[in-house]
Amino acid sequence: MPEIDRRSFTALAAGTAASFVLPARRSTLIQPENVVAPAVTPAASHTVSFDKYSLLVDGRRTALWSGEVHPFRLPSPSLWTDVLQKLRANGYNAISIYVNWSYHSPAAGVYDFTGVRDLGQFLGAAAQAGLFVTVRPGPYINAEVDAGGFPGWMTTSSGTARTNNSTYLAHADEWLTAVNAVIAPYQYTNGGGTVLLYQLENEYSAHLSDGVGSAYMAHLYAKVRADGITVPLFHNDKGRNGDWVPGSFSTNGESGRYLYAFDGYPSPSSTPPDWGYFGSGGKTGGSTASPNTPGFEAEFGGGWFDCWGGAEFSGQGYAGARASRDAVYERRFYLTNLANGIKLQNVYMTFGGTSWGWLPAPVVYTSYDYGAALDEARNQTSKLVPMKQIGLMLESVPDLGKLDKAASVSASNSSVKVYHLSNPDTGAHFYFLRNDSSSTISSVTLPVTTSGGALTVPASGGMRFPGKDMKVLAAGIKLGRRSVLYSTAQPMYQATIGGQDVAVLTGRSGDPVEIMLTASATPTVTVLSGSATSSFSASSHRLRVNTTLSGIVRVLINFGDGAAPLLLLFADDAASATLWRQPTAAGPVLVRGPALLRAAQSSGSAVQLTGDTTAASDLEVWAPAAVTSATWNGALVATSVTSSGSLLASSKLAGPPSVPLPALTGWRFATENPESASGFDDSGWRAANKTSSASITPVPSGQPVLFADDYGFHYGDVWYRGHYSGASGATSVSLSYSSGTQGMLMAWLDGMPLGTHRQPVPTSSQANTQTWTATATFPIPSGLRGSGAHVLSVLVRPMAHSEDGGANDAHKSARGLTAVTFAGATPSVGWRIQGGSVTADSVRGPLNTGGLYGERNGWHLPTFADSAWQSVSLPRSDTFQGVRWYRTSFTFAPPQGVDASVGLSLSDTSSRSYRAQIFLNGWNLGQYINNVGPQHTFVLPNGILRANATNVLALAVLADGTTPAGPGTVALTLLGNAAGGVPISNV
Ligand code: GAL
């Protein structure tokens, strides 16, 4: 077809009988009956309710297709927008977030929701991105964060957490008052935002029948309502126990405003579980525990977390999680959930992010990448493709919102499991088909109920199923205004755009697929690209189209009835990844080509598109009929009109230019730990002389309380100095300590190194061990045994507090030294203690800064003057016990308009026993343990990483003195590169 412009194309189309004839422009759009996403600018108020099938938003069915994201795991507010836009573009209509109490509260009564902790900004960005939000502020969250989200200061409170103890409830109420004041204005119910649901507690599986738990839950319910939270509330049942279903605790006389939800992390090698319509039923059957509320998985595994040493994924790190919970896993498990009537599905995690600073619970290291669909460097992985296919299907096929179990049917091959459901209102039937064998099965047929009666499907050939894969066969749905008897290709998208109906159908490359449509007159079928066949039966009014999925096969059907034609786009997985839909005021656009379409705006004859490319890409746009030109990221794109009724860019969009990264040179170096010297002045330190503690660790008899938390030191390293005399017989000293995973201590006597102890690397069976205790015994050198004054200096890296998953105050297990005894003497030791301040850095927050000498003196901060430090170059190889610092600065200058995601990679001979805390511009971005791993690359989020400015990098290196220590190689690495991105404000 010769190039024509779009206006004349539309005119031509309206006036000729060509096979691609488009009707005159239609002003009305076919809107799906269900609510697919919140209004970008929320209206004044909305109702949010539910029945047994789904949520009802303003009375309309809404399936929640949600991804878990933690604002506190991405400390750069500009990037929140990037992540949220990527999720919305990929078909999610919701996110779920934990709010981490400890992140916002350095001290009792002190709450901070500013800067990286600006929850309101996050909720505003979610509304702007068009995503509903489920908010989960605890008070307890678990979430693989320090103390499961309880603030450090709560470790010294006597009230038993997660009970109706009045001291604890006062703390919880203080938090809820503060956080609910931020959340309440963003509720969809009052029109200020898109908060749709709110979770009370998390996996609360204790005190189920002693009255304590029900009193606690009732208290939370009443408190949250009193704080002005009006959206439906729910609890997340740990697994499927039927705990805290509606009616199990008092809701103050309110009914129908509380949902039951549960979570699950099935092994990816298992057969996907039936946790709803097709399962065992009853209290422990998943959604069957609560028959009058919709199936709701508050968390379903999108990956899993990894422990220090990497035993969970055999050292592969999160690549291992992505390999075992891949796109096929997602289809199998998530479609099985949908088949089981689970209409609210939240994938944990969808963007895992970074447990920066001292956020990580003992069970994880810095990266919380989780194997998530959107990776820590904000790259879209192949795991987003099925999510987009299913999310857009839920938007486009409203019949899926209300499904009942239908008569059981069998496929021609018994290895294909069939879930048959139907919509009682529309008569649509759905067959969720899963190949439970590991091999590809071909030539499968299925008896299908259609509006035209029972048919064996497909009519031609058979369906093909790769091993373990799953897909949806739909019968009796509508694509645009056309009735579909059935389609063996999974519906992905449909809309009326530019005067034609456009439908996308998808599946695996190489799948033979068939669609049967109703046609009252003889249709004209034009294959615009790829190969496809069709046949029409005038007697039955059925039009059949067959093709084999490969790239995009385009078939235009003019039904000869004067109404709009239907453009079918059969897209295999790879092609479907390049298709994007976005709403505009003039109707939706469908775009093919770029790596991401963030947003579209249509005014008059122009459509303005913003998005990303990661390589040179096509740009093809199906746009409202008035549109004759397109811009991409603000620049006009020359286009021509295609036979598909789209605008196609005459040349490809450019990919990103390469991003130069500077080598890290010019290092400066300083030694540390003056605290180990006998003459160090510790008179300003706190005396560690308490005699009782709220810790669940007993205070050993004859010892003062040495637990760091009792002296207000909750995060990072802690120093002790013990003064004693009269111990001439002492031959050794034994230091008992308690820490999270990979805790360690180092000791000096009168400035002489005594040695180091490090907790063992967890085996896979120890991956969930959170508190580790050990006693390190060091011989006292004969020269230091005199009866005079001695000083014992001990540095403890306590790592994190245990989570309190069992509601047994596990977060109050001691951290730091617990007891110190001598062999051959019993001197009385006067202890002083020093650690990190939780309030010193209100910008970076309570979890940023520990108690190393350098941290206490600002060596990690960009403003610190290190010009007097010694110049060195890396790699280094030093044998020492103690702490040394390395600092350098560099300029990061990405080309304009490029979203470069940068990491810091460290590597060295793996036997070298040392660790490094990484500070970028003062932000504590993680802990590297050279001889443990598995993490070697740390994401440096843009905004903390400053573009076109000087960045200061500091490494605090702790070495145990048993081997030479580095740093070895330290380099910037490009983790992602896209032309596009979002504007970045420095943090
Ligand atoms: C769930 C819990 C989450 C998280 C997850 C594992 O059971 O609710 O907070 O810990 O397990 O990543």
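Each value, and the rule that gives it
- Residues numbered from 1 in each chain as written.
- Predicted model: local features only at pLDDT ≥ 70, side-chain atom pairs only at ≥ 80, totals over all residues.
- Heavy atoms only, no water.
- Helix = DSSP H or I, 4+ residues; strand = E, 2+ residues; numbered from the N terminus.
- Rg over C-alpha atoms; globule rule 2.2 N^0.38 Å.
- Buried < 20%, exposed > 50% of the residue type's maximum accessible area, 1.4 Å probe, protein only.
- Contact = heavy atoms within 4.5 Å.
- Areas by Shrake-Rupley, 256 points an atom, 1.4 Å probe, with all protein chains shown as cover.
- Lys, Arg positive; Asp, Glu negative; His and termini not counted.
- Charge placed at Lys NZ, Arg CZ, Asp CG, Glu CD.
- Phe/Tyr/Trp six-rings, centres within 6.5 Å; stacked < 30°, edge-to-face > 60°.
- Lys NZ or Arg CZ within 6 Å of the ring centre and 35° of its normal.
- Pairing = 2+ DSSP bridges.
- Salt bridge = Lys/Arg side-chain N within 4 Å of Asp/Glu carboxyl O.
- Axes fitted to C-alpha atoms, helices over the stretch in contact; angles between N-to-C directions.
- Parallel < 35°, antiparallel > 145°, perpendicular 65-115°, else oblique.
- Left-handed = near helix turned anticlockwise from the far one by under 90°.
- Nonpolar A, V, L, I, M, F, W, Y, C, P; charged D, E, K, R; others polar.
- Core = buried A, V, L, I, M, F, W, Y, C linked by side-chain atoms within 4.5 Å.
- Expected span 1.5 Å × (residues − 1).
- Polar contact = N/O pair within 3.5 Å; in protein donor to acceptor, adjacent residues only side chain to side chain.
- Near = heavy atom within 4 Å.
- pLDDT = per-residue confidence, 0-100.

Moving on, we get to the overall build of the protein. For the protein, the helix and strand inventory stands at eleven helices and 56 strands. Since a compact globule built from 987 residues should have a radius of gyration of about 30 Å, the 31 Å found for the protein is in line with a globular shape. Out of the 987 residues belonging to the protein, those deemed buried represent 64%. Taking all contacts inside the protein whose residues are at least 6 apart in sequence as the whole, residues at least 24 apart take part in 74%. Put simply, the protein shows about 30400 Å² of open surface, and 51% of that area lies on carbon and sulfur atoms. Distance between charge centres in the protein, computed from 63 positive and 64 negative side chains, equals 4 Å.

Before going further, it helps to examine the packing of aromatic side chains. Within this structure, the stated rule accounts for 52 aromatic pairs. A centroid spacing of 6.1 Å and a plane angle of 80 degrees characterise the contact between F150 and Y168, whose relative ring orientation is edge-to-face. In this pair, F150 is assigned in the loop between β6 (132-136) and α5 (166-183) and Y168 in helix α5, connecting sequence segments 18 residues apart. Look at W859 and F864: their rings are 6.0 Å apart centre to centre, the planes differ by 35 degrees, and that puts the pair in the tilted class. Stacked on the ring of F669, the Lys or Arg R876 has its end atom at 4.4 Å from the ring centre. Over the ring of F880 we find R884, and its NZ or CZ is 3.9 Å from the ring centre.

Another point: the pairing of strand β53 (residues 923-929). β53 sits mainly inside the fold: seven of its seven residues count as buried. Both strand β52 (residues 914-920) and β53 contribute to a ladder of six bridges, which runs antiparallel. Residue pairing for β53: Q917 is matched across the bridge by Q927. Turn length for the β52-β53 hairpin, with the two strands adjacent in sequence and antiparallel, is two residues, and the turn residue N921 shows positive phi of about 50 degrees.

For the structure shown, the criterion picks out 38 salt bridges. Note that R797 and D717 form a salt bridge whose closest N and O atoms lie 2.8 Å from each other. Placement of R797 in strand β46 (residues 790-797) and of D717 in the loop between β40 (686-687) and β41 (718-724) is noted, with a sequence separation of 80 residues between them. Judged by its relative accessible area of 1%, R797 is buried. By sharing partners, the salt bridges in this structure join D82, K86, R378, R598, D612 and D899 into a single network.

The strand order across the open sheet built from six strands is β49-β39-β50-β55-β52-β53, with neighbouring strands paired in antiparallel fashion. The strands lining the two open edges of the sheet, one partner per strand, are β49 (870-872) and β53. Within this sheet the neighbouring strands show an average axis-to-axis angle of 25 degrees, counted without direction. By the bridge criterion, three bridges tie strand β39 (residues 667-671) to β49 in an arrangement that is antiparallel. When the sheet's bridge partners are listed, W667 is paired in β49 with V872.

Axis separation between helix α2 (residues 77-89) and helix α4 (residues 119-129) bottoms out at 9 Å; the angle between their running directions is 30 degrees. Classed by the angle they form, the pair α2 and α4 counts as roughly parallel. Between α2 and α4 lies a crossing whose hand is right-handed. Residues P77, W80, T81, L84, Q85 and R88 of α2 form the contact with α4, whose participating residues are Q121, F122, A125, A126 and A129. Taken together, the residues of the contact of α2 with α4 sort by class into seven nonpolar, three polar and one charged.

Once that is clear, we can look at the environment of G253. With respect to the element layout, G253 can be found in the loop between β8 (233-237) and β9 (258-264). Here G253 falls in the exposed class, since its relative accessible area comes to 78%. As for G253 and G679, which are separated by 426 residues in sequence, their C-alpha atoms are 67 Å apart.

I95, F430, F432, L568 and F570 are the most contacted members of the largest nonpolar core, which totals 112 residues. Broken down by element, the residue count for this core peaks at nine residues, all from α5. In contact with L568, other than residues within four places in its own chain, are L479, A503, L505, I515, L517, V553, R554, V555 and I557.

To continue, consider helix α9 (residues 384-396). Its 13 residues give α9 an end-to-end C-alpha distance of 18 Å, which sits within 8% of 18 Å, the value for a rise of 1.5 Å per residue. Among the 13 residues of α9, 13 are classified as buried, and the element is accordingly described as predominantly covered.

Here R225 is to be found in helix α6 (residues 212-226). In terms of polar contacts, R225 uses its side chain to reach the backbone carbonyl oxygen of R257, at 3.4 Å. Not counting residues up to four positions away in its chain, the partners in contact with R225 are T230, V231, P232, L233, E254 and R257.

Right, let's talk about the sheet that holds strand β3 (residues 60-62) for a bit. With antiparallel pairing, three strands are arranged side by side in an open sheet as β1-β2-β3. Where the open sheet ends on each side, the last strands, each with one partner, are β1 (48-50) and β3. Going from strand to strand, the sheet's axes swing by 40 degrees on average, the running direction of each strand aside. One ladder, built from three bridges, connects strand β2 (residues 55-57) with β3; its direction is antiparallel. Across the sheet, the residue bridging to L56 is R61, located in β3.

Moving on, we come to the environment of A606. Mapping A606 onto the fold places it in strand β33 (residues 606-612). Considered as a pair, A606 and A623 are 17 residues apart in the sequence and their alpha carbons are 9.2 Å apart. Setting aside residues up to four positions removed in sequence, A606 forms contacts with Q601, V627 and S629.

As a further point, take the packing of α5 against α6. Running from amino to carboxyl end, α5 crosses α6 at an angle of 30 degrees, the nearest separation of the two axes being 10 Å. In terms of their interaxial angle, α5 and α6 are classed as roughly parallel. Of the two elements, α5 crosses α6, and the hand of that crossing is right-handed. Packed against α5, whose contacting residues are Y168, L169, D173, L176, T177 and N180, the element α6 presents Y216, H219, L220, K223 and V224 at the interface. In terms of residue class, the contact of α5 with α6 is made up of six nonpolar, three polar and two charged.

Turning to unusual backbone geometry, a few remarks are in order. Of note, the amide linkage connecting G138 to P139 takes the cis form, showing an omega dihedral of 10 degrees. Secondary-structure assignment places P139 in the loop between β6 and α5. With omega at -5 degrees, the peptide bond leading from Y348 into M349 counts as cis. Of note, M349 is situated in strand β11 (residues 342-351). The phi torsion at N142 lies on the positive side, around 70 degrees, for a residue other than glycine.

Of all residues adjacent to the ligand, which total 16 residues, the nearest are Y98, N142, E144, E203 and Y370. Side-chain polar atom of N202 to an oxygen atom of the ligand: 2.9 Å apart, as the coordinates give it. Here an oxygen atom of the ligand and a side-chain polar atom of Y370 are 2.5 Å apart. In isolation the ligand exposes 310 Å². Once the protein is present, 95% of that is buried. Looking at the shell around the ligand, its residues break down into nine nonpolar, three polar and four charged.

Spanning 18 residues, α5 covers 25 Å between terminal C-alpha atoms, matching the ideal 26 Å at 1.5 Å per step. Those residues of α5 that sit buried are Y168, L169, H171, A172, D173, W175, L176, A178, V179, N180, V182 and I183. The inward-facing, buried residues of α5 abut α3 (101-104), α4, β6, β7 (195-199) and α6. In this structure N165 caps α5, since a side-chain oxygen of it lies 2.8 Å from the backbone nitrogen of T167.

Moving on: the confidence of the model for the protein. With 96% of its residues at a pLDDT of at least 70, the protein reaches an overall mean of 95. When the criterion is pLDDT under 50, residues 1-33 qualifies, and its contacts beyond four places in sequence or with other chains add up to 65 contacts.

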